[in-house]
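Fold and geometry: a report
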Amino acid sequence: MRLILALGLLLATQALADETCMSPYMAKIEGQEDFVYVWTLGVAGVGDEQDKLVTVDVNPASDSYGAVVASLSVGGRNEAHHTGLTDDRRYLWAGGLDTSKVFIFDIHSDPAKPSLHRTVDNFVDKSGGVVGPHTFYALPGRMMLTGLSNNRDHGGRTALVEYTNAGDYVATHWMPTDDQLRGAKKAGQYADGYGYDVRVLPRRNLMLTSSFTGWNNYMMNMGALMSDAEAMKAFGNTMVVWDMHARQPKKVLDVPGAPLEIRCAWKPEHDYCFTSTALTSKLWLVYLDDGGEWQAKPVADIGDAANIPLPVDISISNDDTRLWVDTWNDGMTRLYDISDPHKPRQLFEKKIGTQVNMVSQSWDGERVYYTSSLLANWDKQEPRGPDLQYLKVYDFDGESLKQTLAIDFIAKQLGAPHQMRFGAYALYGDRVGQR
Amino acid sequence: MIRLLLLLIACQATLARGEATVLAPGYGELAYEPPAPGTYALPPLGAAVDGQVRDAGGQALRLHQVLDGHLVLMGFIYTHCPDVNGCPLASHVMKQVQSRLLREPALRDQVRLVSLSFDPQLDTPAAMREYARHFRHRDVDWRFLTTDSEAALLPILEGYGQWRLKIRREDGSYAGSMSHILRVYLIDKAGRIRNIYSAGFLHADTVMNDLWTLAGETNPRTAAQ
């Protein structure tokens, strides 16, 4: 077996799969990953009921392949959601959307058994009132966090919050709003100040953010939310183009319907990023036009919007030609040909489970990982069984998905699995040649 | 046996596939107009830690003596680094900054460039002296430093969060090359880190604007708090 690792990749010229979707400023695994770290929500009545970092051995050459080799509980439920690795990939940051706690795990000392290195429990105070740390995006020597909400009205107005890799607060960068545009210009009718994801195109000095909804909504029961007309108005309709170096918002783009995950293309001539809108079920393209202006436009439908498929995670392939799109409500994954980013074309679709949220692929795109959970109060509760709360792994041969591994997180008394990040011994020079 | 190929800094994936190396942005023209000096903040990123170092003349120094009261651009390197987008990029950009400083004496007199080796085994003061010969201009304050031992070096690396991995042969001996993430640190006159550049960010245009931004602060101890 050949393991190829590449470290410290900073140019956006590489073919990067979801393995490195988080940041181009990070060491990455090109070959077989040893572990997947799954940030898992605690569920009442399931195991110890706590949020936990679950480590699964996913190297077929390992004696413990397919097994949960570690489970590290953090002492309560926080609405565990997203995670991100530092640029040197030694630490995994994981957030709780309810408590706004940030857990920093050491994954380099023993990649098979992460330890809790530090807990940031004053995120709201330090940031000046930001609630709900969501995305953890690696920058050189620091982490950029997105918030989802604020502590004044628990609505969607929020900010980016910057920390050092050591876990010390650096700065808060508030999203532009109609009453405080902060130097940005509006491209359309919205400047809602909402936040969700962040990505960077360093060669263009672009930092791009998307928008979701505030604590009031993401902590509400989904049925109650859907029947609350006022609450349903409180979703983001914007993406913001930032000057990355200055951390200043430049332009607010109208992208109605809660644009969520952002995935940017990697080839040097590809100045564009994709997102999907949860409420309107569309793929959107944010691109640099011929006049050097960033624009946004819808480029494809995702399923039938009338059925509310609810697009969630997306994952771009290593050559900018394909995009995986998960839709949570119908449990489907769809693959789009994005060779022409202005005209994506669906290649095929497959039902993964009762619900499906996150999708991560290996660097080479040959392995595709799925987890099921979205939010504690939104997740489906039945039918009980292996398709409800799971980690599933598939081999992808370019045309079809073949399941190779599945773990029922309820049967294993773990909880509801959310975001996945990959780990490998060789990142840290450990046990190389012994496996 | 698993073949481990630890590749350094930008563009290595292309190398792994046998494709042409794409040079880091620091070797070319910046593809955007950088924000003007003084129009943005550079919030402190923590203290620049101290440590025991040795200069290219063999003199033992505390690192804080070198940083003392200057705007400092400090890069961790090792002189036999083979990756064009690794340490050579850091030294190339710092040499470009040096050239610009020569045209800006008011700024030049406030700035000190520092190249600090993280390979005490091979980068002796004599090796650093030889390396410096290719870069240093007599009218710019550019220090080339090393350390006496791993024991002296490791607290410095830990303090700056500079990770590196020695590549070893089958018998465990040091092969003379390292994996690392390129980092160059901008440090203010109060000894605080104000920016960290890696290969995707490191460019003389943005570094010069950052230096002017810090030079324009009236009180560096309270600026950008």
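No experiment lies behind these values; they were computed from the predicted model shown.

Helices and strands together make up the secondary structure of chain A, namely four helices and 33 strands. Taken against the 2.2 N^0.38 rule, which gives 22 Å for 435 residues, the C-alpha radius of gyration of chain A at 20 Å falls within 12% of a compact globule. Burial analysis of chain A (435 residues in total) assigns 66% to the buried set. Accessible surface, chain A: about 13700 Å² in total, of which carbon and sulfur atoms supply 45%. Positive and negative side-chain charges in chain A, numbering 42 and 55 respectively, have mean positions lying 2 Å apart.

Glancing now at the sheet that holds strand β10 (residues 193–197) of chain B. Residues and elements named next belong to chain B. Strand order across the open sheet formed by seven strands is β3-β2-β6-β5-β4-β9-β10, with mixed pairing between neighbours. Unpaired on one side and paired on the other, β3 (60–62) and β10 mark the two borders of the sheet. Here the strands of the sheet are splayed against their neighbours by 30° on average, with no regard to which way each runs. Running over the sheet, helix α5 (residues 125–132) touches β2 (52–55), β4 (71–77), β5 (111–117) and β6 (142–146) and is turned about 150° from β6.

The subject of this paragraph is the pattern of salt bridges. All names here are of chain A. For the coordinates displayed, the defined rule picks out 36 salt bridges over all chains. In this structure, E162 engages R142 in a salt bridge whose closest nitrogen and oxygen atoms are separated by 3.5 Å. With E162 in strand β14 (residues 159–164) and R142 in strand β12 (residues 142–146), the pair connects residues that are 20 residues apart, well separated along the chain. Each member of the pair, E162 together with R142, is buried. We note a salt bridge from R367 to D364, for which the minimum N-O separation is 4.0 Å. Among the residues examined, R367 registers a relative accessible area of 10% and is labelled buried. One salt-bridge network, held together by shared partners, links D197, R199, E261, R263 and D313.

For the structure shown, the criterion picks out one disulfide over all chains. A sulfur-sulfur distance of 2.2 Å marks the disulfide that ties C264 of chain A to C273 of chain A. Across the S-S bond of C264 of chain A and C273 of chain A the torsion is about 90°, and the bridge reads as right-handed. In this structure, C264 of chain A and C273 of chain A share a single accessibility class: buried. Left without a disulfide partner, C81 of chain B is nearest to the cysteine sulfur of C87 of chain B, which lies 3.0 Å away. For C87 of chain B, a relative accessible area of 1% translates into the label buried.

Our next topic: the sheet that holds strand β26 (residues 322–327) of chain A. All names here are of chain A. Within the open sheet, the four strands sit side by side as β25-β26-β27-β28. Their pairing is antiparallel. For this open sheet the edge positions go to β25 (311–316) and β28 (345–351), each flanked by a neighbour on one side alone. Strand-to-strand, the axes of this sheet are offset by a mean angle of 20°, without reference to chain direction.

Glancing now at the nonpolar core. Membership of the largest hydrophobic core comes to 79 residues, with the highest contact counts inside it found for V97 and Y160 of chain B. The element contributing the most residues to this core is helix α3 (residues 87–102) of chain B, with seven residues. In this structure, Y160 of chain B is in contact with A48, V49, L63, L67, M74, F76, R183, Y185, I187 and I193 of chain B, ignoring residues within four places of it in sequence. Among the nonpolar cores identified, the runner-up in size contains 36 residues, and A159, Y163, M222 and L374 of chain A belong to it.

Residue and element names in this part refer to chain B. In this structure, the second largest pocket spans a volume of roughly 430 Å³. Per-element accounting of the lining of the second largest pocket gives the leading share, three residues, to helix α6 (residues 150–160). Residue classes in the lining of the second largest pocket are distributed as eleven nonpolar, eight polar and five charged.

Attention now moves to unusual backbone geometry. Residues and elements named next belong to chain A. With an omega of 0°, the peptide bond running from E382 to P383 counts as cis. Along the chain, the position of P383 falls in the loop between β30 (367–371) and β31 (390–396). With a phi angle near 60°, R247 is a residue other than glycine that sits in the positive phi range. Positionally, R247 belongs in the loop between β19 (238–243) and β20 (248–254). Even without a glycine there, the phi angle at I308 is positive, about 50°. Within the fold, I308 resides in the loop between β24 (294–301) and β25. In this structure I308 comes out as partly exposed when scored by relative accessible area, which is 37%.

Moving on to the side chain of H82 of chain A. Residue and element names in this part refer to chain A. As for its placement among the helices and strands, H82 is situated in strand β6 (residues 80–85). Looking at H82, its side chain comes within polar contact range of the side chain of H134, at 3.4 Å. Filtering out sequence-adjacent residues up to four positions away, H82 remains in contact with W39, W93, A94, G95, H134, T135, F136, Y196, E261, M358, H418 and Q419.

Per-residue pLDDT for chain B averages 87, and the proportion of residues at 70 or more is 87%. Note on residues 1–19 of chain B: pLDDT under 50 across the span, and 77 contacts to partners over four residues away in sequence or across chains.

For an α-helix, 3.6 residues make a turn, and residues three or four places apart therefore share a direction. Residues and elements named next belong to chain B. With twelve residues, helix α7 (residues 204–215) ought to run about 16 Å at 1.5 Å a step, and its terminal C-alpha atoms sit 16 Å apart, in line with that. Buried within α7 are the following residues: A204, T206, V207, M208, N209, D210, L211, T213 and L214. Close packing links the buried residues of α7 with β4, α3, α4 (105–108), β5, β9 (184–187) and β10.

So, on to the pairing of strand β7 (residues 91–96) of chain A. Residue and element names in this part refer to chain A. Burial analysis of β7 places six of its six residues in the buried class, which makes it a mostly covered element. Burial of β7 is two-sided: the residues Y91, W93 and G95 facing one way and the residues L92, A94 and G96 facing the other way are all buried. Pairing of β6 with β7 involves four bridges; the strand directions are antiparallel. From the neighbouring strand, L85 faces β7, where its bridge partner is L92. If you look at the hairpin formed by β6 and β7, you'll find five residues sitting between the two strands, and R89 has a positive phi there, around 65°. Note that β7 and strand β8 (residues 102–106) share five bridges and pair antiparallel. Counterpart to L92 in the pairing with β8 is F105. The loop that links β7 with its antiparallel partner β8 comprises five residues; one of these, S100, has a positive phi angle of about 60°.

Reading the values: the criteria
Residues numbered from 1 in each chain as written. Chains lettered and ligands numbered in written order. Predicted model: local features only at pLDDT ≥ 70, side-chain atom pairs only at ≥ 80, totals over all residues. Heavy atoms only, no water. Helix = DSSP H or I, 4+ residues; strand = E, 2+ residues; numbered from the N terminus. Rg over C-alpha atoms; globule rule 2.2 N^0.38 Å. Buried < 20%, exposed > 50% of the residue type's maximum accessible area, 1.4 Å probe, protein only. Areas by Shrake-Rupley, 256 points an atom, 1.4 Å probe, with all protein chains shown as cover. Lys, Arg positive; Asp, Glu negative; His and termini not counted. Charge placed at Lys NZ, Arg CZ, Asp CG, Glu CD. Pairing = 2+ DSSP bridges. Axes fitted to C-alpha atoms, helices over the stretch in contact; angles between N-to-C directions. Contact = heavy atoms within 4.5 Å. Salt bridge = Lys/Arg side-chain N within 4 Å of Asp/Glu carboxyl O. Disulfide = S-S within 2.5 Å. Core = buried A, V, L, I, M, F, W, Y, C linked by side-chain atoms within 4.5 Å. 1 Å grid on protein atoms, 1.4 Å probe; cavity = no way out; pocket = protein on both sides within 12 Å on 5 of 7 lines; lining within 4 Å. Points joined across faces, edges and corners; volume = space filled by probe spheres on them. Nonpolar A, V, L, I, M, F, W, Y, C, P; charged D, E, K, R; others polar. Polar contact = N/O pair within 3.5 Å; in protein donor to acceptor, adjacent residues only side chain to side chain. pLDDT = per-residue confidence, 0-100. Expected span 1.5 Å × (residues − 1).

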